[in-house]
Amino acid sequence: MSEVAVVTGASAGVGRAVARQFAREGYDVGLIARGVDGLRAAKAEVEAFGRRAAFVTADVADDGAIEAAATQIERELGPIGVWTNVAFSNVFAEFKDLTAAEYRRITEVAYLGYVHGTMAALRRMLPRNRGTVIQVGSALAYRSIPLQSAYCGAKAAIRGFTDSIRCELLHGGSAVKISMAILPAVNTPQFSWCRSKLPRKAQPVPPIFQPEVIARGVVWLATHHRRELRIGWSTLKALVGQNVAPGFVDRLLAKSGYDAQQYNGPVAKERPDNLDHPLPGDWGAHGAFDSRSRSCSAQLWLTRHPYLTTAALGAVCWLFARKALH
């Protein structure tokens, strides 16, 4: 029987790409999201790889709905071996322009959605003493930026509660693993469907990566346990900057962080968004930034091939040493 992987937020964006990559690697895939059109398309993509798929429409903010979704997926596909939390929501705006209801909704989806998914996964994995939970996080969990205070707060909270759970699993001697993927900017549809109160269109802060780059890293993490997997040199740069000179980075982002997240004219008035309800249609994995997005990451390749990387570095050092001796 094939391993079963569950992906929340599987109808579009990173979640859609992750679901495809799991199928490509031989997993059967359970798909959870709100948008039925995207879920049906994702199911067809999984089945095109010759794998089984089951989808459930559910809002990750509803813990009961996520528990029921996990039960249904196990009934259709079998025991869940990997649970990947991806689903989130966001509003692009200064904090002073957000309402309490918007902030609460983002937190319920982008943070508590991960809590609910992790609870559903561990209820099944702990008694079996096997399984992996993967939290799809962000460099913004370490280094916040302006105009996304609720999203940054949620990502930091995910990192905090994941670290706590990891300690508890180690204390109990459990074989269940929990990991976090730390993402750079990604070309996904969120910038077209998230609510925005900015004067211009929202964009990811360059450099931008295609969602398939992220998917390769996430699925690799399912079988190569790491505490965290950092993806992209830009992610490492953000983490180093926060650790070395956080005050300087504060001032830098205050100056450049607004323009870096906007482009190309004003937002259309009355543009629909998916904060409270899914938008109809199949949005796919990619956003509007294909021409500016990278399809590979040298940093991720080096991370996924540590022995080759070590051998290459050893060879370079040997050549330099030999040249110095002569």
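Just so it is clear, the model here is predicted, and its values are computed rather than measured.

A. Layout of the overall build of the protein chain. From N to C terminus, the protein chain includes 12 helices and 14 strands. The C-alpha atoms of the protein chain give 20 Å as radius of gyration, which agrees with the globular expectation for 326 residues (20 Å, within 12%). Expressed as lengths along the three principal axes of its C-alpha atoms, the size of the protein chain is roughly 70 × 50 × 40 Å. For the protein chain, with 326 residues in total, the buried portion stands at 51%. When contacts within the protein chain are restricted to residue pairs at least 6 apart in sequence, long-range pairs at least 24 apart make up 78% of them. Summing over all exposed atoms, the protein chain offers an accessible surface of approximately 15,000 Å²; the carbon and sulfur share of this is 58%. Of the side-chain charges in the protein chain, 39 are positive and 27 negative, and the distance between the mean point of each set is 8 Å.

B. Focus on unusual backbone geometry. Following Pro206, the chain continues to Pro207 via a peptide bond in cis, the omega torsion being 5°. Position of Pro207 among the secondary structure elements: in the loop between strand 10 (201-202) and strand 11 (208-209). Of note, the phi angle at Asn129 is positive, near 60°, even though the residue is not glycine. If you trace the backbone, Asn129 turns up in the loop between helix 5 (112-128) and strand 6 (132-136).

C. Focus on the sheet that holds strand 1 (residues 4-8). Strands sit in the order 3-2-1-4-6-7-12 across an open sheet of seven strands; the sheet is parallel. Each edge of the open sheet carries a strand with a single partner, namely strand 3 (53-57) and strand 12 (228-230). Put simply, the sheet's adjacent strands are angled 15° from each other on average, direction ignored. Sheet contacts for helix 3 (residues 63-77): strand 1, strand 2 (28-33), strand 3 and strand 4 (80-85); angle to strand 2, the most-contacted strand, approximately 155°. Strand contacts of helix 6 (residues 149-171): strand 6, strand 7 (177-182) and strand 12, with the helix running at about 155° to strand 7, the strand carrying the most contacts.

D. Here's a closer look at a nonpolar patch on the surface. Taken together, the side chains of Trp233, Trp301, Leu302 and Leu308 present a nonpolar region at the surface, about 430 Å² in accessible area. Summarising the element assignment, Trp301 is placed in helix 11 (residues 298-304). With relative accessibility at 43%, the residue Trp301 sits in the partly exposed group.

E. Looking closely at the nonpolar core. The biggest cluster of nonpolar side chains holds 71 residues, and the ones touching the most others in it are Phe22 and Trp83. Per-element tally for this core: the top contributor is helix 8 (residues 211-223), with eight residues. With sequence-adjacent residues up to four places away left out, Phe22 is seen in contact with Ala5, Val7, Tyr27, Val29, Val82, Thr84, Val219 and Ala222. Ala12, Trp193, Leu198 and Ile208 belong to the second-largest nonpolar core, a separate cluster that totals 11 residues.

F. The packing of helix 4 (residues 100-110) against helix 5, seen in detail. Put simply, helix 4 and helix 5 touch, their axes get as near as 3 Å, and they point 25° apart. Classed by the angle they form, the pair helix 4 and helix 5 counts as roughly parallel. Contact residues: Thr107, Glu108, Val109 and Ala110 in helix 4; Leu112, Gly113 and Tyr114 in helix 5. Its residues assigned to classes, the contact of helix 4 with helix 5 shows four nonpolar, two polar and one charged.

G. The arrangement of the pattern of salt bridges in detail. Under the definition given, this model contains 25 salt bridges. The salt bridge partner of Asp28 is Arg52, with a shortest N-O separation of 3.0 Å. Taken together, the residues Asp28 in strand 2 and Arg52 in the loop between helix 2 (36-48) and strand 3 connect sequence positions 24 residues apart. Of the residues examined, Asp28 reaches a relative accessible area of 3% and is grouped as buried. In this structure Arg52 comes out as partly exposed when scored by relative accessible area, which is 36%. Where salt bridges share partners, they join Arg16, Arg20, Glu45, Glu212 and Asp282 into one cluster.

H. Quick peek at the side chain of Gln262. Counting through the fold element by element, Gln262 comes out in strand 13 (residues 262-263). Relative accessible area serves as the criterion here: at 7%, Gln262 is assigned to the buried category. Apart from residues lying up to four places away in sequence, Gln262 is in contact with Leu147, Leu198, Pro199, Arg200, Lys201 and Gln203.

I. Just the sheet that holds strand 14 (residues 293-294), in detail. Spatial strand order, 8-11-14: three strands in an open sheet with parallel pairing. Across the chains shown, the open sheet's two edge strands, defined by having one partner strand only, are strand 8 (185-186) and strand 14. In this sheet, strand 14 lies alongside strand 11 in parallel orientation, the contact comprising two bridges. If you follow Ile208 over to strand 14, its bridge partner there is Ser293.

Basis of the calculations
- Residues numbered from 1 in each chain as written.
- Predicted model: local features only at pLDDT ≥ 70, side-chain atom pairs only at ≥ 80, totals over all residues.
- Heavy atoms only, no water.
- Helix = DSSP H or I, 4+ residues; strand = E, 2+ residues; numbered from the N terminus.
- Rg over C-alpha atoms; globule rule 2.2 N^0.38 Å.
- Buried < 20%, exposed > 50% of the residue type's maximum accessible area, 1.4 Å probe, protein only.
- Contact = heavy atoms within 4.5 Å.
- Areas by Shrake-Rupley, 256 points an atom, 1.4 Å probe, with all protein chains shown as cover.
- Lys, Arg positive; Asp, Glu negative; His and termini not counted.
- Charge placed at Lys NZ, Arg CZ, Asp CG, Glu CD.
- Pairing = 2+ DSSP bridges.
- Axes fitted to C-alpha atoms, helices over the stretch in contact; angles between N-to-C directions.
- Patch = residues over 30% accessible without salt bridge, like charges linked within 9 Å, V, L, I, M, F, W, Y side chains within 5 Å.
- Salt bridge = Lys/Arg side-chain N within 4 Å of Asp/Glu carboxyl O.
- Core = buried A, V, L, I, M, F, W, Y, C linked by side-chain atoms within 4.5 Å.
- Parallel < 35°, antiparallel > 145°, perpendicular 65-115°, else oblique.
- Nonpolar A, V, L, I, M, F, W, Y, C, P; charged D, E, K, R; others polar.

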